[in-house]
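# Close look at the chain arrangement
The chain contents come next:
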Amino acid sequence: MRGYDEKIIDEIKSKNDLVSVISSYMPLEQRGRSFWGRCPFHHEKTPSFCVNGTDNFYYCFGCHKSGDVISFVMEIEGIDFSDAVKLLAQKAGITLPERGENDENVRRSKEKKEKLYAILKDAAHFYYNYLKSGDEAADKFLLYLGKRGVNGATVKKFGIGASPDFNALPAYLKRKGYAYEDMAEAGVVGEKNGRYYDALGGRLIIPVINQMNQVVAFCGRILEDKGFAKYVNTRETAVFSKGSTLFNINNLKKLKNEVGVKNAIMVEGHMDVVSLVAAGFENAVASMGTSLTKDQARLLKRYTDTVLISYDGDFAGQKAAVRGLEILKDEGLNVKVVTLPDGMDPDDVVQKQGKAAYEALLESAKPLIDFKLDVLKRTYDIGDTEGKRKFVAEAMKVVRESPAAAEREDLLKEIRSMTGITYESLKRDLENAEQPAPVKAEIAPIEAKEKNLQAERYVLASLLFSKKYAENFQLGEVRFTHPVHAEIYDYLAECKKEGKTPKPNVLYDIVEGEDRAELSAVLALELTERRDYDEARYFDDCVKTLKRGNLEREIETLTKLSESETDIERRKELVKRLMESVSALNRL
Ligand SMILES: [Zn+2]
């Protein structure tokens, strides 16, 4: 099973109780036989994420994601199958045997990545040790950090270091036994005319660590202005992609697990994060100097619901940021914008006005929508008729984005007080601009095919969950047409042959990729309460539906065959079978 023995996977699944594993990430509430919570994989207000603690699988009625304990950990941690297996084995105290990797490419790319991680980790140690070496140049970096309020504990927490020059790091890593090519692939050294040099030579070094506590890159800051870029990041590599990394996410995750996180503060630069953490704002994070991506929004959403945007206090920058913030909102994060005094960054506020002043600014952060109105107000000259007209047009667009009626009302009142236009007139504008709701397509009648599909699902679910009413059903009685159902059928047949009780969540090891959706649809039937009808009778009806479908298809085939058959004897035989099928159909 993807390089692991079936028994080990089985042990990992049985020793990691699904309900307790999921509970360690999110609250679950027991209702009847199942546990419910708000889905961690899509944004929702009311719980539709259901965990079956008896058969150990989950299913979301909203986004239809489903799986077992391994897929849950893969999804929520953003890691692959073998890392999830490792993590769960560790949790349950199971020692994993050496894997017989069957896929050579997978094995090689994994080995490569592990080598890059090792190089990055050793480089981080090298930089960290140099910063504390007592070297005159190193002390300059310490002095700079001290000025920004970054003390020994914070240096240690981030593993901050410094690069002495362009040669020391490659030489050190070479002595450690790494090849120059691998160092270059890890992004820590560059190459020019056959000479390898420290890509961040002479800079203050801040390691970028991912949510799995692995060093993936570095951010280098130059102290003296020598015409070089102030900040340089490690280039993108096999283990580092800017768009899916958030700086300090490792500490945010730790914070969440230890004391819980109310919100995260999103700032612009790595040094802003470091000095905010030094000042006691441990929940600060930063993107990697690019605009925010969907991946980053999802990553953040794993650890918090609310994000406070605390970008530098220059208006142009804030205005440009608004668009990036939509991405956060789209992923279901509650976005608020902190307004800083003009020309100041978060660090300036903390250093010059104190911790309490910054705290007060965080407290008064405005919802994204209010912030947008602010931006509009500062963009257009409301005193001028034309400016006012444009402002109102743009402001109404913002109002229409808001789904809540109460919020819309508040916004209209705000626009009224900004412009002096009456509330009624604004409301009329809003209503006139509303698009008529699209006419819902008529629900198509359930066709025979759909009915057959439902019946296949129900019969399979009843067999998988060993329902008493399905005890007398003979597996060979009906054929299953859907390819995923055929796989489930094969599994059931195997269980029957070996005299084992079926374990539904084993199917997550057999059915993968896009086929999971159909598997989910089958397993989800177990989660629906069905008190309103007689299960046994419904089961019999489904079996009948399937038999009817089987016979109808057989009759169709036999009819075609007998029509085209030229040999009289064989044709007689086909017609005889056809008549038998027809009478069997009539008996149903
Ligand atoms: Zn969901």
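Since this is a predicted model, take the numbers as computed values, not measurements.

Here we take up the nonpolar core. Ranked by internal contacts, the top residues of the largest apolar core, which has 64 residues, are Leu145, Ile160, Val188, Phe218, Phe247 and Tyr358. When residues in this core are grouped by element, the largest group, eleven residues, is from helix H5 (residues 104-131). Residues within four places of tyrosine 358 in sequence aside, it is in contact with Ile265, Val267, Leu276, Phe281, Ser310, Leu340, Pro346, Val349 and Val350. Core analysis: the second largest hydrophobic core is formed by 36 residues, Ala455, Val459, Leu492 and Cys542 among them.

Let us now look at the sheet that holds strand E14 (residues 306-309). Consider a sheet: its strands pair through backbone hydrogen bonds, and that pairing is either parallel or antiparallel. What the five strands build is an open sheet, ordered E13-E12-E14-E15-E16; its pairing is mixed. In the strand order of this sheet, the two ends are held by strand E13 (284-286) and strand E16 (366-367), each with one partner. The sheet contact formed by strand E15 (residues 334-337) and E16 spans two bridges and is antiparallel. Note on E16: the bridge partner recorded for valine 337 is lysine 366.

Within the protein, Cys39 (SG), His42 (ND1), Cys60 (SG) and Cys63 (SG) serve as the donor atoms for the zinc ion, at 2.1 to 2.3 Å. Classification of the site at the zinc ion rests on its four donor atoms, whose angles at the metal span 100 to 118°, yielding the label tetrahedral.

Buried residues dominate helix H11 (residues 270-278), accounting for eight of its nine residues. Backbone geometry just after H11 places glycine 280 at a positive phi near 105°.

Moving on: helix H17 (residues 385-401). The terminal C-alpha atoms of H17 lie 25 Å apart, and with 17 residues this matches the ideal 24 Å at 1.5 Å per residue to within 8%. The set of residues buried in H17 consists of Gly387, Phe391, Val392, Ala395, Met396, Val398 and Val399. All buried residues of H17 project into a common sector of 165° when viewed along the axis, lining one side. In this structure, the buried side of H17 is in contact with helix H16 (368-379), helix H18 (405-419) and helix H19 (423-433). The opening residue of H17 is aspartate 384, an N-cap whose side-chain oxygen sits 3.2 Å from the backbone nitrogen of glutamate 386.

This part takes up the side chain of arginine 408. For arginine 408, the location among the structural elements is in helix H18. By relative accessible area, arginine 408 is classed as buried at 17%.

So, how was this worked out
- Residues numbered from 1 in each chain as written.
- Predicted model: local features only at pLDDT ≥ 70, side-chain atom pairs only at ≥ 80, totals over all residues.
- Heavy atoms only, no water.
- Core = buried A, V, L, I, M, F, W, Y, C linked by side-chain atoms within 4.5 Å.
- Buried < 20%, exposed > 50% of the residue type's maximum accessible area, 1.4 Å probe, protein only.
- Helix = DSSP H or I, 4+ residues; strand = E, 2+ residues; numbered from the N terminus.
- Contact = heavy atoms within 4.5 Å.
- Pairing = 2+ DSSP bridges.
- Donors = N, O, S within 2.8 Å, 3.2 Å for Na, K, Ca; no water.
- Tetrahedral: all angles 85-135°; square planar, octahedral: opposite > 155°, others 65-115°.
- Expected span 1.5 Å × (residues − 1).
- Arc of directions from axis to C-beta.
- Polar contact = N/O pair within 3.5 Å; in protein donor to acceptor, adjacent residues only side chain to side chain.

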